[in-house]
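The chain contents come next:
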Amino acid sequence: MSAMNKALQILQDRGFIKQCTDYEGLSALMDREPVTFYVGVDPTGKSIHIGHMVPFFAMHHLQNEGHHPIALVGGGTSLIGDPSGKSELRQMLTVEQIQENSSSLKAQLGTVVDFTAKEGSGKGQAIMLNNYDWLGDLNYIEFLRDIGKHFSVNRMLTFESYKQRLERGLSFIEFNYQLLQSFDYLTLYREHGCRLQIGGDDQWGNIVAGIELVRKIESAECFGLTFNLITRADGHKMGKSEKGAVFLDPEMFSPYDFYQYWRNVNDADVIRFMKLFTFLPLEEIATYDTPKVNINEAKERLAFEQTKIIHGIEEAEKAKDAARSMFGGVPSEAAREGLPSMTIPLSQLEAGIGVIELFVMSTLCKTNSDARRLITQGGAMIQDKKVEDVKLIVDSSWADQGEMILRAGKKRYFRIIVSA
RNA sequence: GGGGAGGUUCCCGAGUGGUCAAAGGGAGCAGACUGUAAAUCUGUUGGCUCAGCCUUCGAAGGUUCAAAUCCUUCUCUCCCCA
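Residues numbered from 1 in each chain as written. Chains lettered and ligands numbered in written order. Predicted model: local features only at pLDDT ≥ 70, side-chain atom pairs only at ≥ 80, totals over all residues. Heavy atoms only, no water.

Asker: Please explain the protein's contact with RNA strand B as it appears in this structure.
Answerer: In the vicinity of RNA strand B lie 27 residues, with Gln-260, Asn-264, Asp-267, Ser-369 and Arg-372 positioned nearest. The share of sugar and phosphate among atoms of RNA strand B within 4 Å of the protein is 63%. The separation between a base oxygen of RNA strand B and a polar side-chain atom of Gln-260 is 2.5 Å. For RNA strand B, a phosphate oxygen lies 3.0 Å from a polar atom in the side chain of Arg-373. Those elements giving two or more residues to the surface near RNA strand B turn out to be α12 (255-263), α15 (295-311), α16 (313-327) and α20 (368-376). (Near = heavy atom within 4 Å. Polar contact = N/O pair within 3.5 Å; in protein donor to acceptor, adjacent residues only side chain to side chain. Helix = DSSP H or I, 4+ residues; strand = E, 2+ residues; numbered from the N terminus.)

Structure below.
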């Protein structure tokens, strides 16, 4: 292969690329002119999680090289559900819910894709579209006649994603997903000159179908580029944590927990994730990729950079300081501030509160049984003193300077503030 | 429309009248070991006023001293035929 286009090369070097419909053709096109490209976003939730972010990090790099990103909200297609990689039909949402979700998604994507880029900035211009705008009032007969005739059921059934679903059941609705996504591509080509679709490798089939459709109808050549589906070394799904999906929305997943998620990645994943999920130059990443460097420094850097991108530098600093101090022994004032907390009146504390009740109140434990278990197993601590007795009554003598820190296990803290 | 197979605790999946709060695995939680990692080992995972008691096995009834297990109706899912 001759020298690859710079933007493509960046993606290649950072470990994004899984496959491309035509490396040389795409590379040549990108050398020649800024390319408009798109990736689909699923608006079924009000927040995306980091597992969904890979294509957008890729988008960031492409935008930086002057190409024009389109983030396509699947407002129309999500009313249907994509069978790719899913074992079940997903929940259908109302149009209103989807519209609502879309706007918060834009803000989140804005952390890596610059929707405000102006001419002359060297960056490509980014826009966000919603395919509901053209799918919403499609005419069924026309659609079948113009689009449907280009699809072979025999062919579709050979796609891996459909094959799998045939085992378990696939509704006709979902089966149409590919047509709609292909129609998206066609529409974007026609109206925005879009020539490239990127996405996770699970989208390969749909992407290829779209390219074929554009070729058949418009006799134009478009391209597709897919990225590695990110897995974790331990086999867990990317973006899932013990606290649930790692959402970007700080209300749903706090910046501190977000930081911790990255801080705790598997050793084997650190360098790979740095390349994919931060904008650090590769040369700098390389300095961490040696046995001489303490792997924990690398993890801290990864966590910091990633948190900075998503939540901003202030939150990143706060999370880092909090993490350091929480794990370094005595929590600093700032770290304590950052803990989840609740206030109880002094009078109540003076009267005495059972430990079990206290832990449940703190939300550290879900039920009394849960709290009882935690204590029995030696995981409950108040002010760093292990709670041995399930029946312990906690009173004001436990508090220090008007507060006390509860701890469940090694990583979960809670701060009780005593009000006079 | 006809026929068949099923719905079990967070998930998968045993369990066909009492010994079932229900095997096993996954996942989670806690402990040990560590590096806030992984792997490993141990304990634990319905609730409660916790050596006992109460509520669970799609839903509602029924049979029985006793039901997740038997009967009836309903409901949902999947498969085959039309």
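Asker: Before we go on, may I ask you to explain the pairing of strand β2 (residues 36-41) in this structure?
Answerer: Side-chain positions along a regular strand alternate between the two faces of the sheet. Of all 6 residues in β2, 5 are buried; the element is thus mostly enclosed. The pairing of β2 with strand β3 (residues 68-73) spans 6 bridges and is classified as parallel. Counted as the bridge partner of Val-39 is Ala-71 from β3. Each parallel crossover has a hand, and the one from β2 via helix α3 (residues 54-64) to β3 is right-handed. Note that β2 and strand β5 (residues 194-200) share 3 bridges and pair parallel. Counted as the bridge partner of Phe-37 is Leu-196 from β5. (Buried < 20%, exposed > 50% of the residue type's maximum accessible area, 1.4 Å probe, protein only. Pairing = 2+ DSSP bridges. Right-handed = clockwise from strand over helix to strand, strands pointing away.)

Asker: How should I be thinking about the nonpolar core in this particular structure?
Answerer: Taken as a class, soluble globular proteins show a tendency for nonpolar side chains to be buried jointly. In this structure, Phe-16, Met-53, Phe-56, Leu-109, Leu-225 and Trp-262 are the most contacted members of the largest nonpolar core, which totals 64 residues. Counting 28 residues, the second-largest nonpolar core is a separate cluster that includes Tyr-38, Tyr-162, Leu-179 and Leu-186. (Core = buried A, V, L, I, M, F, W, Y, C linked by side-chain atoms within 4.5 Å.)

Asker: Teacher, can you tell me more about the sheet that holds strand β14 (residues 403-408) here?
Answerer: Within a beta sheet, neighbouring strands are joined by backbone hydrogen bonds and run either parallel or antiparallel to one another. Taken together, 5 strands build an open sheet; the order of strands is β9-β15-β14-β11-β12 and the sheet is mixed. The sheet is open, and its two edges are formed by β9 (341-345) and β12 (385-386), each paired on a single side. Relative to strand β15 (residues 412-419), β14 is paired through 6 bridges, and the arrangement is antiparallel. Considered in β15, the bridge of Glu-403 is made with Ile-417.

Asker: I'm lost on the packing of aromatic side chains in this one. Help?
Answerer: Two aromatic rings are characterised by how far apart their centres lie and by the angle between their planes. A complete count under the given rule lists 10 aromatic pairs for this structure. Measuring from ring centre to ring centre gives 5.8 Å for Phe-16 and Phe-227, while their planes differ by 70°; the resulting arrangement is edge-to-face. Residue Phe-16 is located in the loop between α1 (6-13) and β1 (17-20), and its partner Phe-227 is located in strand β6 (residues 223-227); the two are separated by 211 residues in the primary sequence. The interplanar angle of 45° and the centroid separation of 5.4 Å between the aromatic rings of Phe-57 and Phe-279 together place this pair among those described as tilted. Of the two residues, Phe-57 is situated in helix α3 and Phe-279 in the loop between α13 (270-277) and α14 (282-288); the sequence distance between them amounts to 222 residues. Looking at Phe-279, the relative accessible area reads 28%, which means it is partly exposed. (Phe/Tyr/Trp six-rings, centres within 6.5 Å; stacked < 30°, edge-to-face > 60°.)

Asker: When you look at unusual backbone geometry in this model, what are you seeing that I'm missing?
Answerer: A negative phi angle characterises most non-glycine residues, just as the trans form characterises most peptide bonds. Phi at Asp-384 takes a positive value of approximately 70°, unusual for a residue other than glycine. Tracing the sequence through the fold places Asp-384 in the loop between β11 (380-382) and β12. Look at Asp-384 and you get exposed, because its relative accessible area is 58%.

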